[in-house]
Amino acid sequence: MKRSSSPSGSNSRASLLPIRVQDTSRAGLYTPQAIERSKLSISKYTGGSEGKNSFSVKRTSGSGASRNSPWGFFTGTEKLKDPRPLHDKTYIQQCIRQLCEFLVENGYAQNVSVKSLQTPSTKDFFRIFAFIYAFLCPSYELPDSKIEEEIPKVFKELGYPFPLPKSSMYTVGVPHVWPQVAAALVWLIDCIKIYSVMRGNADVLVDAQCWSGEGEDEIVVNKLFMEYTEKCYDHFMNGGDAFEEMDAELQAKLNKVFKVDHSKMKTLEAENKKLNEEIARLERERENEPDRLETLRKLKASLQADVEKYQAYITNLESHSAVLDQKLHSLTEACEESELEVEMMKQENARLQHTVDNQLYTAVDIERINHEKDELQQTINKLTKELETERQQLWAEELKYARGKESIEAHLDDYHRLARKLKLIPAAMENSRGHDFEIKFNPEDGPHSLDKYRRQINVPLMQIIDETEEAIRKASHKKIILEDSLEKLNVMIAEKKSIIKLLKEEAQKLDDHHQQTLKVAEEEEEKSAAELQALEIHKNLIEAGVHEGLKEAMNELHEIQKKHQIAVRTTNEEKMQLLDKLYCVLEIVAFHVGSVESLPRNTWLSIMQKLIQCLKNLCLKISWTT
């Protein structure tokens, strides 16, 4: 028996050598008790979901020849044919889903989905490769240059058996390149899983419950598959190509461990085939209709709208059916009355016929009776026509009555809706004033009901209308008064704003005058400093030229300095006092600017004149002092 793949596409054990032929007719080694656990166990020992190995061997053909190197990398010049169905869309979608699940489960920084991994960009591929390869080499970082040459080199060093051309790294997302790259990434993920299992780090990438050996059956299954893998590999390295004995031995052991019932195998295989077909059908439907959920939602909304329309239509039909039932009832009563009249006429005719039979008639009587009979027949025909005409008129009157009733009910609905909007009904509403404005239509009350409701509603309604118009008139008058007041207030505000503007201009002028005063004081200080400097120069000249009057000159100089210091101190004190007064004046001006709106115009003008006079006096005093 040739080495073959199991029915499950995710757990096949395909050979990397080009002479191997897959046999899809071979039954899987699964049991009903632990199908999922056996899948995981096979994937652990055969290299992942695709059965790919991270190494290949160089062998010679023949059943008895041995392999040259049991663990060497592929170093020959021949190129291996890739046995994976890279042109199968289902297989590529499976690889993309495995890649997406691995990235999401292990905390990939970027947001990825199956849709975004259909045609990824080159930068995204570089980030994904660096993230996956970091599990094998945590310190690895992509180089700044020649990344396209670095990645194929890494795959070759890891023992990837199929070549990755450098040109494919420039256009990763192209449809004829991406399947090869995606399969290579899945192979790298399988290598990481094997590496994690070998290191005993089962919590990182492998299901802990299935690998940790918590149950006795799991330990036995793992041990059996390990022994089976070792025997098959030894047999393969010794040149054997058939593994029927190992398969049969493993099958027997698994059947014994899981107590397999062979009678249920065919049922389970048929059910598995049916489920796989259903999964494939659902996958095709999802690919053909990516927005099927949105389409179904729109269809549901449309159907709900149709249901509402049909419910309204059914309600209308029920109301129309009730009207027809009433008409049918009235017609049935009329028919019963007509039947009673016919029955009475038949009895009368029978009585008359009995009387005629019991009498002896002459020929003249017979002719007379026939003549009367013809007249009566004509009368009956005429009455029948009149009855039919009357029935048609009655039907027309009933239709007219029904239309009039519907029109009256529609007007009443409008009236009641408007009355509720105006808070006139029910009687407890605030605008009803205790009156009942509701009209209860009853056709049996006759035409007098209209006068009754007119007397009941018209008088209080007219009274409410008059009161409302009076209130509207008062509100309009009050509105006009308020508008006049608002206009006057706006005029006053405009005047006050102009006054405030003038005051601000005056304050600006005072600030300018204050700045000029400060400038003059600074100039005076500079003059004093110049005079002091001139005195010092003169003192030096006197010291150099006249030694005899040095003492007297020194005394005079000390006196002059004392006077100058006293004059400067006095000037500074007066200047500070004047500045304090000026600041007080400015604060008073600001205060008056804020409160001027509440003062009459004449008072405000007088205060401003006094304030301007005070400022002029203050400025004169400052200029006189300086």
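In this text, all values refer to a predicted model and were calculated from it rather than measured experimentally.

K.L.:
Looking at this structure, how should I read the overall build of the protein chain?
P.N.:
Within the protein chain one finds 15 helices and zero strands. Of the contacts made within the protein chain by residues no fewer than 6 positions apart, 64% connect residues no fewer than 24 positions apart. In the form shown here, the protein chain has an accessible surface area of approximately 44,600 Å², with 57% of it arising from carbon and sulfur atoms.

K.L.:
Got a minute to help me understand helix α2 (residues 89-105) in this structure?
P.N.:
Each turn of an α-helix holds 3.6 residues, which means side chains three or four residues apart point in the same direction. In this model α2 runs 24 Å from its N-terminal to its C-terminal C-alpha over 17 residues, within 8% of the 24 Å that 1.5 Å per residue would give. If you check which residues of α2 are buried, you get Tyr 91, Ile 92, Gln 93, Cys 95, Ile 96, Gln 98, Leu 99, Cys 100, Phe 102 and Leu 103. Sitting at the head of α2, Asp 88 places a side-chain oxygen 3.2 Å from the backbone nitrogen of Thr 90. Of the residues one or two after α2, Gly 107 is the one with positive phi, at around 75 degrees.

K.L.:
Explain the nonpolar core here, please?
P.N.:
Burial of nonpolar side chains together is a common tendency in soluble globular proteins. If you look at the biggest cluster of nonpolar residues, it comprises 41 residues, and the most contacted ones within it are Leu 99, Phe 125, Phe 129, Ile 132, Phe 155, Trp 178 and Leu 185. Excluding residues that lie within four positions of it along the chain, Phe 155 makes contacts with Phe 129, Tyr 160, Leu 164, Ala 184, Leu 185, Trp 187 and Leu 188.

K.L.:
Looking at this model, I keep getting lost on empty space enclosed by the protein. Mind explaining?
P.N.:
The method is simple in principle: a probe with the dimensions of a water molecule rolls over the atoms, and the space it marks as empty is what remains. One pass over the full model with this rule turns up three cavities of 30 Å³ or more. Size it by volume and the largest cavity reaches roughly 70 Å³. Lining of the largest cavity is provided by Leu 224, Glu 227, Tyr 228, Lys 231, Met 246, Glu 249, Leu 250 and Lys 253. For the lining of the largest cavity, the secondary structure elements donating two or more residues are α8 (216-237) and α9 (244-258). Its residues assigned to classes, the lining of the largest cavity shows four nonpolar, no polar and four charged.

K.L.:
It is not clear to me how the packing of aromatic side chains should be interpreted in this structure. Could you clarify?
P.N.:
Think of a pair of aromatic rings as described by two things: how far the centres are apart, and how the planes are tilted against each other in angle. All told, the structure shown has 12 aromatic pairs when counted by the stated rule. With centroids separated by 5.7 Å and ring planes inclined at 5 degrees, the aromatic side chains of Phe 129 and Tyr 133 adopt a geometry described as stacked. Here Phe 129 and its partner Tyr 133 are both found in helix α3 (residues 122-133), four residues apart, which amounts to about one turn of the helix. Residue classification places Tyr 133 among the buried residues on the basis of a relative accessible area of 11%. Seen from their ring centres, Phe 155 and Trp 187 are 6.4 Å apart, and the 40 degrees between their planes marks the pair as tilted. Linking Phe 155 in helix α4 (residues 147-158) with Trp 187 in helix α5 (residues 178-198), this pair joins segments that are 32 residues apart in sequence. Of the aromatic side chains, those joined through ring pairs into one cluster are Phe 129, Tyr 133, Tyr 140, Phe 155, Tyr 160, Phe 162 and Trp 187. The ring of Trp 395 carries Lys 327 above its face, with NZ or CZ at 5.3 Å from the centroid.

K.L.:
What am I meant to see in the packing of α2 against α3 here?
P.N.:
Two numbers describe a pair of packed helices, the interaxial angle and the distance between the axes. Following both chains from N to C, one finds α2 and α3 inclined at 65 degrees, their axes separated by 11 Å at the closest point. Considering only the axes of α2 and α3, their crossing is left-handed. Between α2 and α3, the residues in contact are Leu 99, Phe 102 and Leu 103 and Ile 128, Phe 131 and Ile 132, respectively. Residue composition of the contact of α2 with α3, grouped by class: six nonpolar, no polar and no charged.

K.L.:
Even after reading the chapter, I still don't get a negative patch on the surface, so can you show me in this structure?
P.N.:
Negative charge collects at one region of the surface, where Glu 333, Glu 336, Glu 337, Glu 339 and Glu 341 lie side by side. Relative to the helices and strands, Glu 341 resides in helix α11 (residues 292-358).

K.L.:
Explanation requested: the pattern of salt bridges in the structure shown.
P.N.:
Pairs may arise between side chains of opposite charge once their charged atoms sit close together. Evaluation of the coordinates by the stated rule reveals 10 salt bridges. In this structure, Arg 127 engages Asp 124 in a salt bridge whose closest nitrogen and oxygen atoms are separated by 2.9 Å. Here Arg 127 and its partner Asp 124 are both found in helix α3, three residues apart, which amounts to about one turn of the helix. You can call Arg 127 partly exposed: its relative accessible area is 39%. As a salt-bridge pair, Arg 351 and Glu 348 come within 2.1 Å of each other at their nearest N and O atoms. Taken together, the residues Arg 351 and Glu 348, both in helix α11 and three residues apart, mark about one turn of the helix. Salt bridges linked by common partners bring Glu 227, Lys 231, Glu 249 and Lys 253 together as one network.

K.L.:
When you look at the confidence of the model for the protein chain in this model, what are you seeing that I'm missing?
P.N.:
Caution is warranted with low-pLDDT regions, since their predicted coordinates should not be read in detail. With 76% of its residues at a pLDDT of 70 or more, the protein chain has an overall mean of 76. Least confident of the elements in the protein chain is helix α1 (residues 35-46), whose mean pLDDT is 37; most confident is α2, at 89. Across residues 1-77 the pLDDT falls below 50, and counting only partners more than four positions away or on other chains, this stretch makes 176 contacts in the model. Segment residues 201-214 is flagged for pLDDT under 50; beyond a separation of four residues in sequence, or across chains, it makes 26 contacts in the model.

What counts, and where the lines are drawn
Residue indices begin from 1 for each chain and proceed along its sequence in written order. Given that the model is predicted, a residue must reach a pLDDT of at least 70 before its local features are reported, and side-chain atom pairs must reach 80 or more before they are shown or counted; all residues, however, enter totals for whole chains, interfaces and linings. Side-chain calculation: all heavy atoms of the structure are included, whereas hydrogens and water are not. Each helix is a run of H or I in the DSSP string that is no shorter than four residues. Each strand is a run of E no shorter than two, and both are numbered from the N terminus. Here, two residues are considered to be in contact whenever any of their heavy atoms come within 4.5 Å of each other. We get accessible surface area from the Shrake-Rupley algorithm with a probe of 1.4 Å; when it comes to residues, only the shown protein chains can shield them. Helix span is expected to be 1.5 Å times the residue number reduced by one. For the exposure calls, accessible area comes from a 1.4 Å probe over protein chains only, and a residue counts as buried if that area is under 20% of its type's maximum, exposed if over 50%, partly exposed in between. Each polar contact in these results corresponds to two N or O atoms within 3.5 Å; when the atoms are within protein, one needs to be able to donate a hydrogen and the other to accept it, and residues that are neighboring in sequence are counted only if both atoms are side-chain atoms. Throughout, nonpolar core names a set of buried Ala, Val, Leu, Ile, Met, Phe, Trp, Tyr and Cys residues whose side chains join them through atoms within 4.5 Å. Using protein atoms alone on a 1 Å grid, points that fit a 1.4 Å probe yet trap it form a cavity, whereas open point sets bounded by protein on both sides within 12 Å along at least five of seven lines form a pocket; residues with an atom within 4 Å of a point count as lining. Grid points are joined across faces, edges and corners, and a volume is the space filled by probe spheres set on the points. Three classes are used: nonpolar for Ala, Val, Leu, Ile, Met, Phe, Trp, Tyr, Cys and Pro, charged for Asp, Glu, Lys and Arg, and polar for all others, with Gly counted as polar. Aromatic rings from Phe, Tyr and Trp, taking only the six-membered ring of Trp, are treated as a pair when their centres fall within 6.5 Å; an angle between ring planes under 30 degrees marks them as stacked, one over 60 as edge-to-face, and anything in between as tilted. Distance and angle both matter: a charge sits over a ring if NZ of Lys or CZ of Arg is within 6 Å of the ring centre and within 35 degrees of the ring normal. Axis angles are defined between N-to-C directions and span 0 to 180 degrees, where every axis is a line fitted to C-alpha atoms and, for a helix, only to the segment in contact. Here a crossing is called left-handed whenever its near helix is offset anticlockwise from the far helix by less than a right angle, and right-handed whenever the offset is clockwise. Patch membership requires over 30% relative accessible area and the absence of a salt bridge. Like charges are linked within 9 Å, and nonpolar side chains (Val, Leu, Ile, Met, Phe, Trp, Tyr) within 5 Å. In what follows, salt bridge is the name for a side-chain nitrogen of Lys or Arg lying within 4 Å of a carboxyl oxygen of Asp or Glu. Neither His nor the chain ends is counted toward charge; the positive residues are Lys and Arg and the negative residues Asp and Glu. To locate a charge, take NZ of a lysine, CZ of an arginine, CG of an aspartate or CD of a glutamate. The pLDDT value expresses, per residue, how confident the predictor is, ranging between 0 and 100.

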